[in-house]
Amino acid sequence: MTPLTHRVLLFASWSDALGPQVDVELPAGARVADLLTALTARTGGKLLPRPVVAVNQRYARPDTVLSPADEIAIIPPVAGG
Amino acid sequence: MRTALVDHPLDPTGLLAEVADVGSGASTVFVGTVRRTNQGRAVTGIDYSAYAPMAERELALIAQEAAEQFGTAHIVIEHRLGTLVLGEASIIIAVSHERRAAAMDAQRYLIEEIKTRVPVWKREHYADGERAWVDNLGGATGATGAPGAATDAAPSSAPDLAEVS
């Protein structure tokens with residue numbers, strides 16, 4: 001099956017490590033957990049804080065299925081306020 | 001009710017005036033400011049950044065929740081982004097309510113939810129010249145520990161997904 005390209009927004013420490021946005025190829029039906037595995041493989045062993053993932057500006061679960069049309073963002077531990 | 005991300009200094013007086021209402025018997029203002037030490041390190045300033053569209057959406061959602069839960073529409077929140085120096089306000093929350101207890105409860109709810117849910121990050125500047133991303137548990141969030149540990153670490157500020165998704 002042809003992999004699908006997902007554009008992913010990155011912030012804070014993850015943006016420092018990989019840039020503000022990356023394209024990640026995943027098989028159709030891939031889930032949030034698969035995306036995190038693929039991204040972690042790109043960090044070259046650098047330790048980054050465990051993120052959560054937002055899909056279309058809402059917090060998503062590890063088993064949420066991704067579509068290339070989604071707005072996907074990596075959310076490191078937040079620090080507002 | 002109004003919530004916003006802004007890039008200018010915050011004015012508590014203006015926000016207090018915005019929530020004023022003759023039906024309210026109590027007004028509260030919370031001001032979060034840049035503190036000079038964190039985890040024993042001398043801080044000289046903080047860069048605040050955000051995933052702006054989601055942060056705006058989440059701020060509005062939290063305000064709406066508080067309005068429904070505590071029974072007041074008089075809620076105004078501004079969160080500042082950019083580089084702040086010591087003592088400057090990073091967030092102001094103003095609430096007014098008919099009764100003081102509900103005003104203070106709403107205030108507490110708003111700041112605690114904002115700290116765990118709104119996608120805003122801070123990078124502290126230290127007196128020794130170093131800079132580091134920190135989380136709301138007070139610690140630096142990266143750059144120490146064994147390689148590969150990133151995905152094994154306990155989530156430190158992950159929202160309750162059952163509640164917000």
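The present account deals with the structure reproduced in this document. Worth saying up front: this structure is predicted, and the values here are computed from it rather than measured. (Residues numbered from 1 in each chain as written. Chains lettered and ligands numbered in written order. Predicted model: local features only at pLDDT ≥ 70, side-chain atom pairs only at ≥ 80, totals over all residues. Heavy atoms only, no water.)

Here we look at the pairing of strand β2 (residues 21-26) of chain A
All names here are of chain A.
Reasoning step 1: Across the two faces of β2 the burial differs, with Val22, Val24 and Leu26 buried and Gln21, Asp23 and Glu25 not buried at all.
Reasoning step 2: Of the pairings in the sheet, the one linking strand β1 (residues 4-9) to β2 comprises six bridges and is antiparallel in character. Each bridged residue has a counterpart across the sheet, and for Leu4 the counterpart in β2 is Leu26. (Buried < 20%, exposed > 50% of the residue type's maximum accessible area, 1.4 Å probe, protein only. Helix = DSSP H or I, 4+ residues; strand = E, 2+ residues; numbered from the N terminus. Pairing = 2+ DSSP bridges.)

Section: the pattern of salt bridges
All names here are of chain B.
Reasoning step 1: Applying the stated criterion to the full structure yields 13 salt bridges over all chains.
Reasoning step 2: Residue Arg41 pairs with Glu130 through a salt bridge whose shortest N-O separation is 3.0 Å. Residue Arg41 is found in strand β4 (residues 41-50), and its partner Glu130 is found in the loop between β8 (120-126) and β9 (131-134); the two are separated by 89 residues along the sequence.
Reasoning step 3: For Arg41, a relative accessible area of 27% translates into the label partly exposed. (Salt bridge = Lys/Arg side-chain N within 4 Å of Asp/Glu carboxyl O.)

Observations concerning the packing of aromatic side chains
Reasoning step 1: Overall, the coordinates contain three aromatic pairs over all chains when judged by the stated rule.
Reasoning step 2: Seen in terms of ring centroids, Phe11(A) and Trp121(B) are 5.0 Å apart; in terms of plane orientation they differ by 10 degrees. Their pairing is stacked. Taken together, the positions of Phe11(A) in the loop between β1 and α1 (12-18) and Trp121(B) in strand β8 put the pair across two chains. An identical accessibility class is assigned to Phe11(A) and Trp121(B); each is buried.
Reasoning step 3: Here the aromatic residues Phe11(A), Tyr51(B) and Trp121(B) are joined through ring pairs into a cluster of three or more.
Reasoning step 4: Above the ring of Tyr126(B), the side-chain terminus of Arg41(B) is found at 3.9 Å from the ring centroid. (Phe/Tyr/Trp six-rings, centres within 6.5 Å; stacked < 30°, edge-to-face > 60°. Lys NZ or Arg CZ within 6 Å of the ring centre and 35° of its normal.)

Quick look at the side chain of Lys122(B)
Reasoning step 1: Inspection of the secondary structure assignment puts Lys122(B) in strand β8.
Reasoning step 2: Despite being buried, Lys122(B) has no salt bridge partner; Glu124(B) is the closest side chain of opposite charge, sitting 4.9 Å away.
Reasoning step 3: Those residues in contact with Lys122(B) that sit more than four places away from it in its chain are Ala79(A), Ile46(B), Asp47(B), Tyr48(B), Ala132(B), Trp133(B), Val134(B) and Asn136(B). (Lys, Arg positive; Asp, Glu negative; His and termini not counted. Contact = heavy atoms within 4.5 Å.)

Here's the deal with the environment of Met54(B)
Reasoning step 1: As for its position among the elements, Met54(B) is in helix α2 (residues 52-70).
Reasoning step 2: Along the primary structure Met54(B) and Asp11(B) are separated by 43 residues, whereas in three dimensions their C-alpha atoms are 24 Å apart.
Reasoning step 3: Excluding its chain neighbours within four sequence positions, the residues that come into contact with Met54(B) are Ala54(A), Gln57(A), Arg58(A), Tyr59(A), Ile75(A) and Pro119(B).

Some points on α2(B)
Reasoning step 1: Here α2(B) spans 27 Å end to end across 19 residues, near enough to the 27 Å set by a 1.5 Å rise per residue.
Reasoning step 2: Considered for burial, the residues of α2(B) that qualify are Met54(B), Ala55(B), Glu58(B), Leu59(B), Ile62(B), Ala63(B), Ala66(B), Ala67(B) and Phe70(B). (Expected span 1.5 Å × (residues − 1).)

Remarks on the packing of α2(B) against helix α3 (residues 100-117) of chain B
All names here are of chain B.
Reasoning step 1: Close contact between α2 and α3 brings their axes to 10 Å; oriented N to C, the two are set at 150 degrees. With respect to α3, the axis of α2 lies roughly antiparallel. Crossing of α2 over α3 shows right-handed handedness. Of the residues in α3, those touching α2 at Glu58, Leu59, Leu61, Ile62, Ala63, Glu65, Ala66, Gln69 and Phe70 are Ala102, Asp105, Ala106, Tyr109, Leu110, Glu113, Ile114 and Arg117.
Reasoning step 2: Class assignment of the residues belonging to the contact of α2 with α3 gives a composition of 11 nonpolar, one polar and five charged. (Axes fitted to C-alpha atoms, helices over the stretch in contact; angles between N-to-C directions. Parallel < 35°, antiparallel > 145°, perpendicular 65-115°, else oblique. Left-handed = near helix turned anticlockwise from the far one by under 90°. Nonpolar A, V, L, I, M, F, W, Y, C, P; charged D, E, K, R; others polar.)

Concerning the sheet that holds strand β5 (residues 72-75) of chain A
Where strands meet in a sheet, backbone hydrogen bonds hold them as pairs that are either parallel or antiparallel.
Residue and element names in this part refer to chain A.
Reasoning step 1: The strand order across the open sheet formed by five strands is β2-β1-β5-β3-β4, and the pairing between neighbours is mixed. Two strands lie at the open edges of the sheet, namely β2 and β4 (58-59), each paired on one side alone.
Reasoning step 2: Across four bridges, the pairing between strand β3 (residues 52-55) and β5 is antiparallel. Bridge assignment links Val52 to a residue of β5, and that residue is Ile75.

So, the sheet that holds strand β7 (residues 89-97) of chain B
All names here are of chain B.
Reasoning step 1: The strand order β1-β5-β7-β2 describes an open sheet built from four strands, whose pairing is mixed. Lying at the two open borders of the sheet, with one neighbouring strand each, are β1 (2-6) and β2 (26-33). On average, each strand axis in the sheet is tilted by 5 degrees relative to the strand beside it, whichever way the strands run.
Reasoning step 2: Relative to the sheet, helix α1 (residues 12-19) contacts β1, β2, β5 (75-80) and β7, its axis offset from that of β7 by approximately 25 degrees.
Reasoning step 3: Contacts from α3 reach β2, β5 and β7 within the one sheet, and its direction differs from that of β7 by about 150 degrees.

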